[in-house]
Structure formats: structure tokens, C-alpha cells
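A closer look at the structure
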Amino acid sequence: MIEIRNVQKEFNKKPVLRQVSLDIPDGETMVVIGKSGCGKTVLLKSIIGLIKPDSGKILVDGKDIIRMKPRDLYAVRKHFGMLFQGAALFDSMTVEENVGLPLREHTLLDPAAIRKKVEEKLELVGLTNLLGKKPSELSGGMKKRVGLARALAMEPKYMLYDEPTTGLDPITSDTINRLIVQMNRKLNMTAVAVTHDMDSASVIGDRVAMLHEGSVFFNGTADEFFKSKIPIVRRFREGRLEEEEE
Amino acid sequence: MLIVSLWHHMGRKALFFFREIGNLSILFFKVFQSTPYLLRHRHLLMDQMMIIGVQSLPLITVVSVFTGAVSSWQASYQFKMITSFSTVDFLGAGVSAAILIELAPVLGGIIIAGRSGASIAAELGTMKVTEQIDALETLSIDPVKYLAGPRFTAGWIMLPVLVVYSDLISHLGAYAVAYLLLGISTSKFFGSVQTHFLIYNVASGIIKAVIFGGGTALIGCSIGFRTEGGAEGVGFATIRAFVYSSAFILIMDYVLASILF
């Protein structure tokens, strides 16, 4: 379980996260939505220790990662996978090397076993015959899938998705969304997804938290979110600037 | 008012300078700690030794040949200006000492600063702005161990090798000019080199190269890891890496010269 308690973060004296508290129970997918620049990615990166909050606690299985020593933090991160907005594949490596990197670093598997695992993970995300390709030879959707395969390589307990469908066409977005749902269920992962794509939120989210001006403005089930009549929630959901007269 | 503003500006620059020194010192300490990791991941070191060392050979060869050649020509010209005696007996010795002590390590260092230091900053800077460094962190791989360690170690190992190679090639360049254009025989030229040869001169060049090579790679890594601001930021990082590395080499050259000689 991931517990976020009163997390605050400022950049250049500008508050980005204000007293954010959220619980992500095991096996659930929490979608965090909000306007661009509201602190969604900062929150996501704080959960995995890439950004250190100024105050508050982030408990992963009861351990506060904010006050952890680097060595312990690296140990905790082995239970996490993260899909980045731009996939963040290593340019200098092939698809096989990208997906196999965590296995080479953290396991004693021989090269043949690593190759087999890499093929398994790529098959899981619907990719075959791409082992020798470089990231520059892949489309946006393929990069995301390879990024997902790499994040899944160590069979993590927790999965973080940063804007998983940004920059993709609607069909590829839908494929990625369904893949995420499939993976989360199949591997029983606890997931946090940051997005402002409402279709994505409706497909992958068990719960939805909305950040507004750095605070949690709404926190409920996906059903509650999509039925909510709170003006700010409705406007965001429907993509309208102001409340229109009915 | 102007004086206050000037002091303010100087104060900020001084703080910036000490912050940079602090960043470099912390990175050096972390890289040093990562040595056991590097011993287990020798392929990472080998890759960087190829890039920093072997792939620099063509450039080092060209620069060394012409450095030796111009040294020979200029030395002959200056000897003629300051003395009426024959320069035949001293040309080889003079050029050789200049190559071993100064020219090969400093020019080799500047080449590595331009070719490898800037390239390290650009590569790591691009990785930073495209979240590849964050991706390494999320995969529980320490970027300092995985990226900086091999580059720093390859820098301090390979520059001395390149400098020794440059010493040899520069001597050949100097000899070619001496023999073909200045009419100095092979035996006279190399006899002069041999008579005044000191192994200490070679050792001092190697000591300088170890410090220049490690420093240049460390500066490239430090700047690369802190790159921000997309493609423009990567461009600035590349320039900064070259400027800082060059300044480091020239300043350290003076410091080491005053300690070693």
C-alpha cells in the first residue's frame, strides 16, 4: 500500500504540492488528474523518490521513503516500475538491451535466460521481432510499449504511469489503456497513473484523485468522479473553461 | 551604487564558483565509492575506454604530427634569433623537452576536453532532459555508478596512454621537419634527444595527463547531470563543459608545473 501524508513541495518559493494526502490500497489503480502544472508529475516522481518533498511522509509498505538512505531507496525501487511520458528509452541501446537492463543489473540470470524473459515481456505488450531495433526506429506507441515492457521486467508490485497516452493517436491510446488494465489485473499490481486524458482515466482508474492548485480537490471512485456535479470537476471532465448556462 | 552592484555581482560569481567546486568534489567522492561496481561491470569501462581513448587516436595523431613539426620549425627560428651558435646540437633536446613536459599533455588534454568532455556533457545532458537518468533511477541503477564511474575512470586511464602515443608521434613530426627542411641528420637529432632525455619529464607529462583526463571527464559528467532546459540547455552544457575543462587544464598545468619543477 502507498500512503501519502501531508506532502508539501515548493519550487523557487512557489508551492506546487500543498498538504497532499492520498491512500492507494494494494491492487487498485489510482488515476491522478488535474490541469497542466498542478503538480501531478511532481507527486508521481515523489512517490518513487525522484523528487524529495519539503515535508510530509510517503509510506510504501509502511516505510517512509522520504527519509530513507539512498541504498534503502534503491532497494524499495526494485518493487516499482515506471512508464515515462516520453518512454525514456535509452537511445544508445537496442530494445532488447533496454528491456533486459534491469535483469542484467539485478539478477544472476545468464544472457540466454535474460533474452527469454525480454521476449516474454515484449510479447506481453504485443511486440515481437523488435529486439535489435533502436528507439529512434520505433513509433511513439511502440516506444511506450517497450517502456512498459522494461518497467515490467522485474515484475514490480507497484506501477507508475506518467501521461501514458499523451502524444498518441486515439486508437493507439486505447490500445495502451487496455494494455495497462490487462497488465494491472494479470500481475495484480498497485498502480498510480497521472493523466489529463479523460478516456484514459475512465478505462484504467479504480479511483480518481483530482489535484487543483496543488491540493487534492476530489478523491473518490471512478464512478463517483464521472457522475460528480461539482462545477470544477465537471468543467475539467468536459474540457470547458467556464460553467455554461443550461 | 556601481561599487555595491559590482560587489554583489562578484559575490554571486564567487558563490557560483564554490558551488561548482562543491558539486565536483561530491561527484568525485561518489565516483570513487563506485569503484567496486566498476570492477564487476568492466564492459562499461571498456566501452568508454574505446570512445575516449581509441576513437581519439586519429585526431591525436594529426595534432601530434603538426605540433612536433611546428615546434621544430619555431625552435630553429628562435634559436637562430638568440644565438649565433649552431642549433643542431640542441634542437632535438629542446623540442623533446617541450613535447614531453607541456605540449603533449596540454594539447592532448584540450583535445579530450573538446572531443570527450563536451560529448559526455551533451550525452548525459540529453539523457537528463529526456528523463533517461530518471529512468535509470527508477530501475534502481545509480547513474553515478553506471554513467559517471566508467567515464571518469576511462578519462584518467586513457589520456596518459594518448599522451605517451602523442609524445612518440610529435617526436616523429619534429624529426621530419628537422631532417627534411632544416637539414639536421637523424643521428644528430635523436642523439640530442637522447643526451638530454630525462624519464622525469615523461613521468611529469603522465601525471598531468591523469589529472587532466579525470578532471575533464568529471566536469563533463557533473555538468551533464545538472542540465536543464531542453535542447538549448544541452547546447549550453556542452559549451560550459569545454570552457570549464579547458580552464581547469590550463590552471592545473601551472599548479602542477610549480609543484613538479
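Regular strands place side chains that alternate from one sheet face to the opposite one. Residues and elements named next belong to chain A. Of all 5 residues in strand E8 (residues 190-194), 5 are buried; the element is thus mostly enclosed. Across the two faces of E8 the burial is the same, with Thr190, Val192 and Val194 and Ala191 and Ala193 all buried. Both strand E3 (residues 29-33) and E8 contribute to a ladder of 4 bridges, which runs parallel. Bridge pairing in E8 places Val32 opposite Val194. Note that strand E7 (residues 158-162) and E8 share 5 bridges and pair parallel. What sits directly across from Tyr158, in E8, is Thr190.

Let's shift gears to helix H5 (residues 140-152) of chain A. Residues spaced three or four apart along an α-helix face the same direction, because each turn holds 3.6 residues. All names here are of chain A. Between its terminal C-alpha atoms H5 stretches 18 Å, which fits the 18 Å expected from 13 residues at 1.5 Å a residue. Among all positions in H5, only Gly141, Met142, Lys143, Lys144, Arg145, Val146, Gly147, Leu148, Ala149, Arg150, Ala151 and Leu152 are buried. Summarising the contacts, the buried residues of H5 are in contact with strand E6 (80-83), helix H3 (95-106), helix H4 (111-124), E7 and helix H6 (170-186).

Turning to the nonpolar core, a few remarks are in order. Counting 130 residues, the largest nonpolar core has Val32, Ala149, Leu160 and Val192 of chain A together with Cys221 and Ala241 of chain B as the members making the most contacts within it. For this core, the element with the most residues is helix H5 (residues 88-129) of chain B, which contributes 18 residues. For Leu160 of chain A, the contacting residues outside a window of four places in its chain are Leu44, Ile47, Ile48, Phe80, Met82 and Val192 of chain A.

What counts, and where the lines are drawn
Residues numbered from 1 in each chain as written. Chains lettered and ligands numbered in written order. Predicted model: local features only at pLDDT ≥ 70, side-chain atom pairs only at ≥ 80, totals over all residues. Buried ≥ 20, exposed ≤ 12 C-beta atoms within 10 Å, placed from the backbone. Helix = DSSP H or I, 4+ residues; strand = E, 2+ residues; numbered from the N terminus. Pairing = 2+ DSSP bridges. Expected span 1.5 Å × (residues − 1). Contact = placed C-beta atoms within 7 Å. Core = buried A, V, L, I, M, F, W, Y, C linked by C-beta atoms within 7 Å.

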